[in-house]
Amino acid sequence: MKKRTLVISSILLMVFIGMQISSCSSQRAMIANKTGAQLWAENCQRCHTTPSPNTFNDQQWEAVGMHMQIRANLTPEEIAKVVEFLQSANQD
Amino acid sequence: MKIFYPNHLIRVLGLSLCLLVLSLNSWGQDQNPPAPVQTQTQTQRNEQRIAQKGPETKFLLTGYGYTGFEKVGSENSTFGPAGFSPIFLWKKSDRLFFESEVEFEIEDGNLNIGLEYATLHYRLNKYLTLSGGKFLSPFGIFQERLHPAWINKFAEKPMGFSEEGAMIGPMTEFGASLRGGAQIGLSKVNYVLYVSNGPTLNTGSSNPMDAGRLDYNNLGDNNNNKAIGGRFGFLPFSSSWLEIGLSGQVAGVGNSGSAFQNVKTQMYAADLSIIKKVNFIKSNVDIKAQYNYVQTSKTNYLDTAGNSYTFNNTSTAWFSQIAIRPMFLEKSFLKNVEFTGRYSVLKTPQESYWAIDNSQVAMGINYWLKWNSVIKVNYQLTYSKGEQTEPGLFIQWGLGF
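Criteria and thresholds
- Residues numbered from 1 in each chain as written.
- Chains lettered and ligands numbered in written order.
- Predicted model: local features only at pLDDT ≥ 70, side-chain atom pairs only at ≥ 80, totals over all residues.
- Heavy atoms only, no water.
- Phe/Tyr/Trp six-rings, centres within 6.5 Å; stacked < 30°, edge-to-face > 60°.
- Helix = DSSP H or I, 4+ residues; strand = E, 2+ residues; numbered from the N terminus.
- Buried < 20%, exposed > 50% of the residue type's maximum accessible area, 1.4 Å probe, protein only.
- Lys NZ or Arg CZ within 6 Å of the ring centre and 35° of its normal.
- Disulfide = S-S within 2.5 Å.
- Contact = heavy atoms within 4.5 Å.
- Buried area = accessible area lost by both parts, 1.4 Å probe.
- Salt bridge = Lys/Arg side-chain N within 4 Å of Asp/Glu carboxyl O.
- Polar contact = N/O pair within 3.5 Å; in protein donor to acceptor, adjacent residues only side chain to side chain.
- Nonpolar A, V, L, I, M, F, W, Y, C, P; charged D, E, K, R; others polar.
- Core = buried A, V, L, I, M, F, W, Y, C linked by side-chain atoms within 4.5 Å.

Attention now goes to the packing of aromatic side chains. Residues and elements named next belong to chain B. A complete count under the given rule lists 23 aromatic pairs over all chains for this structure. Ring geometry for Trp 150 versus Trp 371: centroids 5.3 Å apart, planes at 80 degrees, classification edge-to-face. Of this pair, Trp 150 sits in the loop between α3 (142-146) and β7 (172-184) while Trp 371 is found in the loop between β19 (357-370) and β20 (373-384), placing the two residues 221 residues apart along the sequence. For the residue pair Trp 150 and Trp 371, the accessibility class agrees, reading buried in each case. Geometrically, the ring pair formed by Trp 318 and Tyr 343 is edge-to-face, given 5.6 Å between the ring centres and 65 degrees between the ring planes. With Trp 318 in strand β17 (residues 313-325) and Tyr 343 in strand β18 (residues 337-347), the pair connects residues that are 25 residues apart, well separated along the chain. Owing to a relative accessible area of 35%, Tyr 343 belongs among the partly exposed residues under this scheme. Above the face of the Trp 241 ring, Lys 276 is positioned so that its terminal group lies 4.7 Å from the ring centre. Geometry around Phe 154 places Arg 342 over its ring, the cationic atom sitting 4.6 Å from the centre.

As structure tokens, this is what we get:
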């Protein structure tokens, strides 16, 4: 009886941990799969109105990107995606 | 032979035609730029662009300007303040960056020129950037993120966050910092840790009325005790719509070798940022708040009659503001209108000569001409303990470059 309870509860625990891990990895994938456009829409409005890609040319976006990465403490992955998006969507 | 002759003629004619087409083509090129190659895909064009990134140093001259008009209480109405703040950015490599802002401002009939910030940055790794120089203080969010005229939703800064009246908390630091950010699961954190010259205690030696105030112009230092401070920010949700921040700073503020050498200041701040699309009003709602608490250790000063006195030297300043912009409406005019409201409170030590106990309500309508150009119209009421309520009308036009 005691043994069965132990087995059942350890199975439940393993299922629970497994669920946590799988949800964690799906969460991680969700974050890693965010596009530059999505990160731009989410992050660049936090302090000021979001600039459109046409505001600057490719080189200028590089300087702005580093300025904002430092100011807003964005991760290098986030800013690389945002800058790539801005450079591909502008008319330069 | 009969067959060879026309064949020969065809060859000669063909060759001349080719030459004509070629020469016409090159003549055309001299007159007009080459027509774009239509067959390239967007991906190919992007690849090309990445391959020809231009010079290693990326430079941008940016910044902002503003001007305005105000009528406060019984004072004469006046144009101003007006300012021009060029910002210079140099990205030297993926690791090395320099930023500087020079400030020109006309306020209360004076032209002030200043070096707002000049900071060198070196990205040590994914999580840390080392910075040095003069920089906007990361104590809270207002000075580092919200103060430029094209970002600030109001014409005036909140009480306690500008030189007017009393400054509760630093505007800039002169020192060095380590900063960065990281993703932790769905949440994000960001952090700044800094050492700087820190504030200086005004002992009242030149004007007894200022005894106990802090001077935040920390271009030099009056002691070997540096200020140590930092901010920790937490964004719990993956879409970054909410951020909560906590800041702190401790500093020795008295002149070394003087009777005030053991006087210390400790300060704390809490800040909140919310930015969210609210569907049923087709608007973006932007909420920002910050609470500053500054405490300087109790010490003795001399009053205007030369007698010794002391007081609890604790000041607080806080604001909370909301801006609602119906940017998801179809109508292009209303889309660019923003409705704003702010409440701010400033309290300095009541037993000091610089006692203030004020609260203020500001309401406004902004019109956005561009993402970084805004015309603001504000009506403001300032309540001071034991005095008449002071109304104010402000118009300001801010433009980021």
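Throughout the structure, instances matching the rule amount to 0 disulfides over all chains. Summary of cysteine pairing: Cys 44 of chain A is not part of a disulfide, and the nearest cysteine sulfur, belonging to Cys 47 of chain A, is at 9.6 Å.

Okay, the interface of chain A and chain B next. Tallying the contact residues gives 36 residues for chain A and 50 residues for chain B. Buried surface at the junction of chain A and chain B, both sides included, amounts to about 3800 Å², of which 56% is carbon and sulfur. For chain A, the biggest contributors to the area lost against chain B are Arg 46, Arg 71 and Asn 73 of chain A; these three give 18% of the whole. At the junction of chain A with chain B, the criterion picks out 5 salt bridges. Where Glu 78 of chain A meets Lys 188 of chain B, a salt bridge forms, and the shortest distance between an N and an O atom there is 2.7 Å. Along the contact surface separating chain A from chain B lie 17 residue pairs in polar contact (both at pLDDT 80 or more). Elements represented by at least two residues in the side of chain A that touches chain B include exactly α1 (2-32), α2 (36-43), α3 (58-72) and α4 (76-89) of chain A. With 11 residues, α3 of chain A is the largest single contributor of residues to the side of chain A that touches chain B. The class makeup of the residues in the side of chain A that touches chain B is 11 nonpolar, 16 polar and 9 charged.

Leu 201 and Tyr 301 of chain B are the most contacted members of the largest nonpolar core, which has 56 residues in total. Element by element, the count of residues in this core is highest for α3 of chain A, at 5 residues. Residues in contact with Leu 201 of chain B, not counting those within four places in the same chain, are Gly 212, Arg 213, Leu 214, Asn 222, Val 253, Gly 254, Phe 260, Val 263, Thr 296 and Tyr 301 of chain B.

This part covers unusual backbone geometry. Residues and elements named next belong to chain B. Looking along the chain, the bond that leaves Gly 80 and enters Pro 81 is cis, with omega of -5 degrees. The residue Pro 81 is located in the loop between β2 (78-79) and β3 (82-91) in this model. Of note, the phi angle at Asp 108 is positive, near 50 degrees, even though the residue is not glycine. Take Asp 108: it is sitting in the loop between β4 (96-107) and β5 (110-125). One non-glycine residue, Lys 282, lies in positive phi territory at about 50 degrees. Tracing the chain through its elements places Lys 282 in the loop between β13 (264-278) and β14 (283-296).

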